[in-house]
Amino acid sequence: MSTQPVTLITGTRKGIGLFLAQHYVAAGHRVVGCSRQAGSWHHENYTHIEADVCDETQVKALFGQLRRDFGRLDHLLNNAGIASMNHSLLTPYATVRRVMDTNLGGTFLFSREAAKMMQKRQFGRIVNFTTVAVPLKLEGEAAYVASKAAVQALTQVMARELAKFGITMNAIGPVPIETDLIRAVPADKIAGLVERQAIKRLGTCEDVANVCDFFLQPQSNFVTGQVVFLGGV
Amino acid sequence: MNLAELTQLIIDTTRSVLEEQAVETDEVLSADTRLFGDQGLLDSLALVSLVIAVEQGIEEQFGVSIELADDKALSQKNSPYRSIGTLAAYATEQFEAKRRAS
């Protein structure tokens, strides 16, 4: 078995996920990424697997491949997520289910399967993704905010369940970052959101990577069940 | 994959989990061995490790991926994890269900 840490990141075709995949390849990790479509970049230390994060059969197949090809998993970043911006009274139920399935269901499935691998070596780091929209109780995003609040609750309970296996689980809550997820949001809405932060600027992918680095580092073995929001929210 | 093969796989896996957890037992492991609950050999942590190891063992040995997770896990009366025999029967059931579905 190689000594190179293996880092699994979901939703790596674009945005923060792609940035994190490149960031951890540059840091010397063996990175495995996934998305529903084919990967958008190639590197000898990067493997892309096509999978829908809330399809249990596809997720289990992905972990089967991970076990066969690498035999270990050190880190999981549950980055994949979808948003839905709409007034609750105008939101179709199908949308609510899709958002819950991807954001909560996907995080649950990947965390469960990852922890099964990690517990063998009594070491693992899992980082989940929430959003400042949860503490800000952002109007117009009820389904998205509810799904991310659920991710925070999952993080806090699983952190306790997994502690005995040497696995930590934490979450990061970014502020708006210039990605596809917010491109559809009107500029004045984003400006209003930034105004509610202690530090008033858009976030960057580097800000996210910095918090992930902290959660992943071996010295953070006493940090679990925590949610860190960017921008002083 | 038949019941006898599965029972043997679970016996072997239980033995290695007990060794890993440094649990000493004089008991000769068989289908009747109590795993969890009253007079069970395993605490909840060891049970989790066993179930995961059995799932992976089945996948390696028989090339089928089945799930041994169950909502009745902690029920004294109906838990499929009560004994090596009940776990083997449960795994067979899950395997058959998966075969029928495919």
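Scroll up to find the structure.
Small disclaimer: the values here were computed from a predicted structure and weren't measured.

### So, unusual backbone geometry
Turning to step 1, where the next piece is worked out: Even without a glycine there, the phi angle at Lys-137 of chain A is positive, about 50°.
Turning to step 2, where the next piece is worked out: Its place among the elements puts Lys-137 of chain A in the loop between strand S5 (124-129) and helix H4 (142-162).
Turning to step 3, where the next piece is worked out: Even without being a glycine, Ala-22 of chain B presents a positive backbone phi close to 55°.
Turning to step 4, where the next piece is worked out: Looking at the secondary structure, you find Ala-22 of chain B in the loop between helix H1 (3-20) and helix H2 (44-62).
Turning to step 5, where the next piece is worked out: Judged by its relative accessible area of 64%, Ala-22 of chain B falls in the exposed class.

### Details of the pairing of strand S4 (residues 75-78) of chain A
All names here are of chain A.
Turning to step 1, where the next piece is worked out: Of the two faces of S4, the one carrying His-75 and Leu-77 and the one carrying Leu-76 and Asn-78 are both buried.
Turning to step 2, where the next piece is worked out: As defined by bridge partners, strand S1 (residues 6-10) adjoins S4 across three bridges and the pair is classed as parallel. Its bridge partner being in S4, Thr-7 is matched across the sheet by His-75.
Turning to step 3, where the next piece is worked out: Summarising the sheet, S4 and S5 pair through four bridges and their orientation is parallel. Residue pairing across strands places Leu-76 opposite Ile-126, the latter belonging to S5.
Turning to step 4, where the next piece is worked out: In this fold, the crossover linking S4 to S5 by way of helix H3 (residues 93-121) has right-handed handedness.

### Regarding the packing of aromatic side chains
Residue and element names in this part refer to chain A.
Turning to step 1, where the next piece is worked out: With the rule as written, the count across this model stands at three aromatic pairs over all chains.
Turning to step 2, where the next piece is worked out: Centroid distance Trp-41 to Tyr-46: 5.1 Å. Interplanar angle 25°. Geometry classified as stacked. With respect to class, Trp-41 is no different from Tyr-46; both count as buried.

### Some words on the packing of H1 of chain B against helix H3 (residues 84-101) of chain B
Residue and element names in this part refer to chain B.
Turning to step 1, where the next piece is worked out: Between H1 and H3, the least distance of the axes is 9 Å, while the angle of their chain directions is 125°. Classified by the interaxial angle, the pair formed by H1 and H3 is oblique. Relative to H3, the crossing made by H1 is right-handed. On H3, the residues touching Leu-3, Leu-6, Thr-7, Ile-10, Ile-11 and Thr-14 of H1 are Ile-84, Leu-87, Ala-88, Ala-89, Ala-91 and Thr-92.

### Comments concerning empty space enclosed by the protein
Turning to step 1, where the next piece is worked out: All chains considered together, the criterion is met by one cavity of 30 Å³ or more.
Turning to step 2, where the next piece is worked out: Size it by volume and the largest cavity reaches roughly 70 Å³.
Turning to step 3, where the next piece is worked out: Taken together, Lys-60, Arg-67, Glu-113 and Lys-116 of chain A together with Glu-55, Gln-56, Glu-59, Ser-65 and Ile-66 of chain B make up the full set of residues lining the largest cavity.
Turning to step 4, where the next piece is worked out: Where the lining of the largest cavity is concerned, the elements lending two or more residues are helix H2 (56-69) and H3 of chain A together with H2 of chain B.
Turning to step 5, where the next piece is worked out: The dominant element in the lining of the largest cavity, judged by the number of residues it contributes, is H2 of chain B, at three residues.
Turning to step 6, where the next piece is worked out: Class assignment of the residues belonging to the lining of the largest cavity gives a composition of one nonpolar, two polar and six charged.

Scoring rules and cut-offs
- Every chain begins its residue count from 1, and numbering advances along the sequence as written.
- A letter from A marks each chain and a number from 1 marks each ligand, given out in the order of writing.
- In keeping with the predicted nature of the model, local features appear solely for residues at pLDDT of at least 70, side-chain atom pairs appear and are counted solely at 80 or more, and the whole-chain, interface and lining totals rest on all residues.
- Remark: hydrogens and water are excluded; side-chain values derive from all non-hydrogen atoms of the structure.
- Only DSSP runs of H or I covering at least 4 residues are called helices, and only runs of E covering at least 2 are called strands; the numbering of each starts at the N terminus.
- The buried label applies to any residue whose accessible area, calculated with a 1.4 Å probe on protein chains only, is under 20% of its type's maximum; exposed applies above 50%, and partly exposed to all values in between.
- By definition, two strands form a pair when at least two bridges between them are found by DSSP.
- The path from the first strand over the helix to the second decides the hand: if it runs clockwise while the strands point away from the viewer, the crossover is right-handed.
- Pairing of aromatic rings covers Phe, Tyr and Trp, the last through its six-membered ring, and needs centres within 6.5 Å; plane angles under 30 degrees mean stacked, over 60 mean edge-to-face, and all others mean tilted.
- All axes here are fitted lines through C-alpha atoms, helices being fitted over the stretch that makes contact, and every angle between N-to-C directions spans 0 to 180 degrees.
- Oblique is the label for any angle not under 35 degrees, not over 145, and not in the 65 to 115 range, which are roughly parallel, roughly antiparallel and roughly perpendicular in turn.
- Left-handed describes a crossing in which the near helix is turned anticlockwise from the far one by less than a right angle; the clockwise case is right-handed.
- Note on contacts: a residue pair qualifies if any of its non-hydrogen atoms lie within 4.5 Å across the two residues.
- Detection works on a 1 Å grid of protein atoms alone, calling trapped sets that fit a 1.4 Å probe cavities and calling open sets with protein on both sides within 12 Å along at least five of seven lines pockets, with lining residues defined by an atom within 4 Å of a point.
- Grid points are joined across faces, edges and corners, and a volume is the space filled by probe spheres set on the points.
- When residue character is reported, Ala, Val, Leu, Ile, Met, Phe, Trp, Tyr, Cys and Pro are called nonpolar, Asp, Glu, Lys and Arg charged, and the others, Gly included, polar.

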